[in-house]
Amino acid sequence: MSIYTNFLKLRKPDETEKYTVNHFNANADLIDSALARMEQKNVSQDNLLASKASLAEHINNHSNPHNISKSQIGLDHVENKSSSDIRNEITESNVTTALGYTPCTPNEVDNKLASLKTEINSKQHTHNNKTVLDGITSALITAWNTVTNKVDKVAGKGLSSNDYTTEEKNKLNRIEPGANVNVQADWNVSDTTSDAYIKNKPNLAAYSPSVMTGATANAAGTSGIVPAPAKGKHRAYLRGDGTWQATSTSLTATTPGVPLDHTAAKTLKDQIDAQNSNLSELVGRLTSISYKCKDATITVQANANMSYVILEDIKKIISATVLYTESAYYLKPVITINGNAINILCSPYATAQTINIRFIYM
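It should be emphasised that the depicted structure is a prediction, and the values quoted were computed from it without experimental measurement.

Here we take up the overall build of the protein. For the protein, the helix and strand inventory stands at 10 helices and 10 strands. In the protein, buried positions account for 14% of the 362 residues. Across the protein, contacts joining residues at least 24 apart in sequence account for 47% of those joining residues at least 6 apart. Carbon and sulfur atoms form 54% of the exposed surface of the protein, whose accessible area is close to 28700 Å².

If you want it as structure tokens, here you go:
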């Protein structure tokens, strides 16, 4: 934070604050005001002197007419050095220390002034219609004020304008007496001379889309209208082959691509939750008798019906239980235990699957 001098209140920025042009201008204004006051005071004091000549004589007397000593003016402890010696001893560090801050260099001041000028120029207001405004002259304004080729206001009209043109009059003259403009068009009329005939009718048959074609194992389907579901298919889903199919309610079916009915899925979830609850209870019991529990993920390769796994960090497996997942649902694994190894028998599947197994071991 800046501090200020005691008398003129000149601003002295601290070490972390940069000295700006605004700071310099503010200090310069304070100094200029102080000098002006001193000048006015000197003028008043001049009037008290006997004459300008005697004052000048006194000023030009450099022989110390008042016999002032060095100690009287506080110079008894000041070295007697010439101004040239003092200038040679002044360094940039001395000036910075004396000022209490680092002043801006001339280049920094020039850069700040250039930046300020750029900012001022960027904020200048420019009219979008400056060219039009520049073209308005005194003569043009006079012509506007004295224009004679105008239409005067007519009683009964909102504006003095030609609101009924010759073109509109001629158009009305071409309408035959008794003409009926409210002719009811008929799509089925084929007589081209009839007023009800519709010209340029589109061929709707050409725009009728066909029913979609379902995809097969060897060919892609085509887009089109969705085939209408038959009665009783209100709960069915549209399959990629273009047929409406029912969801499966079987928890043991192995047909791929058939979604499970919500009711059957809920039943499966309840069974899984019950198994997991039983497993959690079993884990709690086994933990109390110093058995340990560990979950492991086993990968069964594609089309494999058996997988043999050895758990080297386990001495003896007490039990191994499959955690029910979608993969376990398809593979239907059967596990046999042999010391610290397990043998997994499962149904072959087209792709590699993972099975989560919970081990109780010693």
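Moving on, there is more to tell.
If you walk across this open sheet you meet the three strands as S6-S9-S8, and the pairing is antiparallel. Each having just a single partner strand, strand S6 (306-310) and strand S8 (334-338) make up the two edges of the open sheet. With strand direction ignored, the average angle separating the axes of adjacent strands in the sheet is 15°. Here S6 runs beside strand S9 (residues 341-345); their pairing, made up of five bridges, is antiparallel. Opposite isoleucine 310, over in S9, you have alanine 341 as the bridge partner.

Let us look at the nonpolar core. Counting 19 residues, the largest nonpolar core has Ile342, Ile355, Ile357 and Phe359 as its most contacted members. If you list the elements that add at least two residues to this core, you get strand S5 (292-300), strand S7 (317-322), helix H10 (326-331), S9 and strand S10 (353-361). If one sorts the elements of this core by residue count, S10 sits on top with four residues. Excluding residues that lie within four positions of it along the chain, isoleucine 342 makes contacts with Ser307, Tyr308, Val309, Ile317, Ala320, Ile335, Thr336, Ile337, Ile357 and Phe359.

Further remarks concern the sheet that holds S7. Taken in spatial order, the three strands of this open sheet run S5-S10-S7, and their pairing is antiparallel. For this open sheet the edge positions go to S5 and S7, each flanked by a neighbour on one side alone. Neighbour-to-neighbour, the strand axes of this sheet turn through a mean angle of 30°, independent of strand direction. Strand direction decides the pairing type here: S7 and S10, joined by five bridges, are antiparallel. By the bridge assignment for S10, valine 322 is matched with isoleucine 357.

It is worth spelling out the pattern of salt bridges at this point. A pair can form between side chains of opposite charge whenever their charged atoms are brought close. Per the counting criterion, the structure on display carries four salt bridges. Note that arginine 358 is salt-bridged to aspartate 295, the shortest N-O span being 2.8 Å. Placement of arginine 358 in strand S10 and of aspartate 295 in strand S5 is noted, with a sequence separation of 63 residues between them. Judged by relative accessible area, which is 17%, arginine 358 ranks as buried.

Attention shifts here to unusual backbone geometry. Of note, asparagine 200 is a non-glycine position whose phi angle comes to about 55°, a positive value. If you trace the backbone, asparagine 200 turns up in the loop between helix H8 (166-173) and strand S3 (237-238).

What follows deals with the packing of aromatic side chains. All told, the structure shown has zero aromatic pairs when counted by the stated rule. The ring of tryptophan 187 is capped by lysine 201, whose NZ or CZ atom sits 5.3 Å from the centre of that ring.

Below, the discussion takes up the confidence of the model for the protein. Of the residues in the protein, 86% reach a pLDDT of 70 or more, and the chain-wide mean stands at 78. Across the protein, the secondary-structure element scoring lowest on mean pLDDT is H10, at 70, and the one scoring highest is strand S4 (residues 244-245), at 88.

With that out of the way, let us pick up the pairing of S8. As paired strands, S8 and S9 are joined by five bridges and run antiparallel to one another. From the neighbouring strand, threonine 336 faces S9, where its bridge partner is asparagine 343. Taking the residues between adjacent antiparallel strands as the criterion, S8 and S9 are bridged by two residues, where glycine 339 takes a positive phi near 70°.

Tracing the chain through its elements places histidine 23 in helix H1 (residues 21-46). Here arginine 11 takes part through its side chain, which lies 3.2 Å from a polar atom of the side chain of histidine 23. When neighbours within four sequence positions are excluded, histidine 23 is seen to be in contact with Arg11, Pro13, Glu17 and Lys18.

Attention shifts here to the side chain of arginine 358. At 2.8 Å, the side chain of arginine 358 and the side chain of aspartate 295 are in polar contact. Beyond its immediate chain neighbours, meaning those up to four positions away, arginine 358 contacts Leu279, Ser280, Val283, Cys293, Lys294, Asp295, Ser319, Ala320, Thr321 and Leu323.

It is worth spelling out the environment of threonine 5 at this point. Inspection of the secondary structure puts threonine 5 in the loop between strand S1 (3-4) and strand S2 (11-12). If sequence neighbours within four positions are ignored, threonine 5 has contacts with Leu10 and Lys12. In this structure the side chain of threonine 5 is engaged in a polar contact, spanning 2.7 Å, whose partner is the backbone nitrogen of leucine 10.

Let us now look at a nonpolar patch on the surface. Residues Phe7, Leu8, Leu30, Ile31, Leu35 and Met38 make up a contiguous nonpolar surface patch of about 600 Å² in total accessible area. Note on placement: leucine 30 falls in helix H1. In this structure leucine 30 comes out as partly exposed when scored by relative accessible area, which is 34%.

Residue placement: threonine 336 occurs in strand S8. Residue class for threonine 336 comes out partly exposed when judged on its relative accessible area of 41%. Placed 16 residues apart in sequence, threonine 336 and alanine 320 show a C-alpha to C-alpha distance of 8.2 Å. Once residues lying within four places of it in the same chain are set aside, the contact partners of threonine 336 are Ala341, Ile342 and Asn343.

Reading the values: rules and limits
- Residues numbered from 1 in each chain as written.
- Predicted model: local features only at pLDDT ≥ 70, side-chain atom pairs only at ≥ 80, totals over all residues.
- Heavy atoms only, no water.
- Helix = DSSP H or I, 4+ residues; strand = E, 2+ residues; numbered from the N terminus.
- Buried < 20%, exposed > 50% of the residue type's maximum accessible area, 1.4 Å probe, protein only.
- Contact = heavy atoms within 4.5 Å.
- Areas by Shrake-Rupley, 256 points an atom, 1.4 Å probe, with all protein chains shown as cover.
- Pairing = 2+ DSSP bridges.
- Axes fitted to C-alpha atoms, helices over the stretch in contact; angles between N-to-C directions.
- Core = buried A, V, L, I, M, F, W, Y, C linked by side-chain atoms within 4.5 Å.
- Salt bridge = Lys/Arg side-chain N within 4 Å of Asp/Glu carboxyl O.
- Phe/Tyr/Trp six-rings, centres within 6.5 Å; stacked < 30°, edge-to-face > 60°.
- Lys NZ or Arg CZ within 6 Å of the ring centre and 35° of its normal.
- pLDDT = per-residue confidence, 0-100.
- Polar contact = N/O pair within 3.5 Å; in protein donor to acceptor, adjacent residues only side chain to side chain.
- Patch = residues over 30% accessible without salt bridge, like charges linked within 9 Å, V, L, I, M, F, W, Y side chains within 5 Å.

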